[in-house]
Amino acid sequence: MAWIESHTVLLRHRKVLQLSNDLSLPPVYVVGHLHALWHTILEQQEDGNLTEWPDTMIAQAASYDGDPAAFVSALQLRKWLDGKIVHDWIA
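Since this is a predicted model, take the numbers as computed values, not measurements.

### Observations concerning the packing of helix α1 (residues 14-23) against helix α4 (residues 68-77)
And step 1. It is at 10 Å that the axes of α1 and α4 come closest, and there the two elements cross at 150°. By the criterion of interaxial angle, the relationship of α1 to α4 is roughly antiparallel. The two elements α1 and α4 meet at a crossing, and its hand is right-handed. Facing α1, whose interface residues are L19, D22 and L23, α4 presents A70, F71, A74, L75 and L77.
And step 2. Among the residues forming the contact of α1 with α4, the class breakdown is seven nonpolar, no polar and one charged.

Here it is, written out as structure tokens:
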């Protein structure tokens, strides 16, 4: 069974708070979207390289129902994604 490490500080992390403001969502929703995305990546794209994934697929993987392009753009702006590679996924 695959798993990811998640720290208690995540809910209050500046990048989560910034993304929360960008998307006009509560931070706890942002954490949920990030975890949903990370879980999908663990199952379907273990290397964290999403370059072949359209924005709609990334948004769907995160259970985000807003504008997919805005979601991906916000993830990139806040450095959750480097282009379409998950930041620090494989370190």
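Resuming the write-up.
### Let's talk about a nonpolar patch on the surface
And step 1. On the surface, a cluster of nonpolar side chains totalling about 290 Å² of accessible area is made up of L11, V28 and Y29.
And step 2. Structurally, the position occupied by Y29 is in helix α2 (residues 27-44).

Rules behind the numbers
- Residues numbered from 1 in each chain as written.
- Predicted model: local features only at pLDDT ≥ 70, side-chain atom pairs only at ≥ 80, totals over all residues.
- Heavy atoms only, no water.
- Axes fitted to C-alpha atoms, helices over the stretch in contact; angles between N-to-C directions.
- Helix = DSSP H or I, 4+ residues; strand = E, 2+ residues; numbered from the N terminus.
- Parallel < 35°, antiparallel > 145°, perpendicular 65-115°, else oblique.
- Left-handed = near helix turned anticlockwise from the far one by under 90°.
- Contact = heavy atoms within 4.5 Å.
- Nonpolar A, V, L, I, M, F, W, Y, C, P; charged D, E, K, R; others polar.
- Patch = residues over 30% accessible without salt bridge, like charges linked within 9 Å, V, L, I, M, F, W, Y side chains within 5 Å.
- Areas by Shrake-Rupley, 256 points an atom, 1.4 Å probe, with all protein chains shown as cover.
- Salt bridge = Lys/Arg side-chain N within 4 Å of Asp/Glu carboxyl O.

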